[in-house]
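# Descriptive analysis of the structure
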Amino acid sequence: MPCSNQVTFQGDRIPAGQDKFVDTCPLVVTVPVAGARREEDCGYEANMKAKQRFSDGILAELRESKGLRIRAGLGPHRFIGIWVVVVNDRVFVRSWSIKPQGWFWTFLEEPRGKVQIAGRDIAIRAIRTRDKRVRDAVDRAYLDKYNTPGAIKYARDLGSRKSRATTLELKPLASVRS
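These remarks concern the structure in this document. (Residues numbered from 1 in each chain as written. Predicted model: local features only at pLDDT ≥ 70, side-chain atom pairs only at ≥ 80, totals over all residues. Heavy atoms only, no water.)

This part is about the overall build of the chain. In terms of helices and strands, the chain carries five helices and nine strands. Going residue by residue from the N terminus, the α and β elements of the chain occur as β-β-α-β-β-β-β-α-β-β-α-α-α-β. In the chain, buried positions account for 40% of the 178 residues. For the chain, restricting intrachain contacts to residue pairs at least 6 apart in sequence, the fraction spanning at least 24 positions comes to 69%. When the accessible surface of the chain is summed, it comes to about 10,600 Å², and 51% of that surface belongs to carbon and sulfur atoms. (Helix = DSSP H or I, 4+ residues; strand = E, 2+ residues; numbered from the N terminus. Buried < 20%, exposed > 50% of the residue type's maximum accessible area, 1.4 Å probe, protein only. Contact = heavy atoms within 4.5 Å. Areas by Shrake-Rupley, 256 points an atom, 1.4 Å probe, with all protein chains shown as cover.)

This part takes up the packing of aromatic side chains. Within the structure shown, the criterion is met by five aromatic pairs. When the ring of Trp96 is compared with that of Tyr154, the centres are 5.2 Å apart and the planes differ by 70°; the resulting orientation is edge-to-face. Separated by 58 residues along the polypeptide, Trp96 in the loop between β6 (90–93) and α2 (103–109) and Tyr154 in helix α4 (residues 152–157) bring together distant segments of the chain. Over the aromatic face of Tyr154 sits the side chain of Lys153, whose NZ or CZ is 5.0 Å from the ring centroid. (Phe/Tyr/Trp six-rings, centres within 6.5 Å; stacked < 30°, edge-to-face > 60°. Lys NZ or Arg CZ within 6 Å of the ring centre and 35° of its normal.)

Across a sheet, strands are paired by hydrogen bonds formed along the backbone, either parallel or antiparallel in direction. Across the sheet, seven strands lie side by side as β4-β3-β7-β8-β9-β6-β5; this open sheet has antiparallel pairing. Only two strands of the sheet have a single partner each, and these edge strands are β4 (80–82) and β5 (84–87). Here the average twist between neighbouring strands, direction ignored, is 40°. Bridging between β5 and β6 involves four bridges; their strand directions are antiparallel. (Pairing = 2+ DSSP bridges. Axes fitted to C-alpha atoms, helices over the stretch in contact; angles between N-to-C directions.)

Right, let's get into the layout of surface pockets. One number sums up the size of the largest pocket: a volume of about 500 Å³. Around the largest pocket, the lining is made up of 20 residues, and of these Ile80, Gly81, Ile82, Ser97 and Trp103 lie nearest the centre. If you list the elements that add at least two residues to the lining of the largest pocket, you get β3 (68–72), β4 and α2. When grouped by side-chain class, the residues that make up the lining of the largest pocket number nine nonpolar, seven polar and four charged. (1 Å grid on protein atoms, 1.4 Å probe; cavity = no way out; pocket = protein on both sides within 12 Å on 5 of 7 lines; lining within 4 Å. Points joined across faces, edges and corners; volume = space filled by probe spheres on them. Nonpolar A, V, L, I, M, F, W, Y, C, P; charged D, E, K, R; others polar.)

Before going further, it helps to spend a moment on helix α3 (residues 132–145). Counted at 1.5 Å a residue, the expected span for α3 with its 14 residues is 20 Å, and the 20 Å between its end C-alpha atoms agrees. Taken together, the buried positions of α3 are Val134, Arg135, Ala137, Val138, Asp139, Ala141, Tyr142 and Lys145. Buried residues along α3 sit in contact with α1 (56–64), β5, β6, α4 and α5 (161–164). The opening residue of α3 is Asp131, an N-cap whose side-chain oxygen sits 2.9 Å from the backbone nitrogen of Arg133. (Expected span 1.5 Å × (residues − 1). Polar contact = N/O pair within 3.5 Å; in protein donor to acceptor, adjacent residues only side chain to side chain.)

On their own, these measurements won't tell you what the molecule is for.
In structure tokens, the structure reads:
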């Protein structure tokens, strides 16, 4: 089902003048409506599908590490350090500062990026999470993981309404072994 800012065409004909927006799909094509901003819960259908989850070895690294190096989008952005949590073998991140040109907004425009973990660059896809139960579990995970006197204030802030709205699940795009 396309988002409200997209139109889906089926068959072998696409209305004239709209083919420049076509994603690669020969039978069913979802086309963004010209000039519309991508809705928060719309995902870009990449040529590679996201795997279900990271390997057990990578998940263990993410659980133990206090941070994650991440690069949002496909452009020449730099890797930055952010906090990461694992809930039910799923990887989640949130933005604390929510800067207008920051990594969170970049992921909304282009959900693909990379993370650096265990000495490797791993291509990922960021998916916005809206489920209240998942967000509640992510709140608890941040408080459990980042519970030192210097970190707890920020962990609590990541549970604020503003930061909860930035909850993204990260999924690997390619096969990743330990």
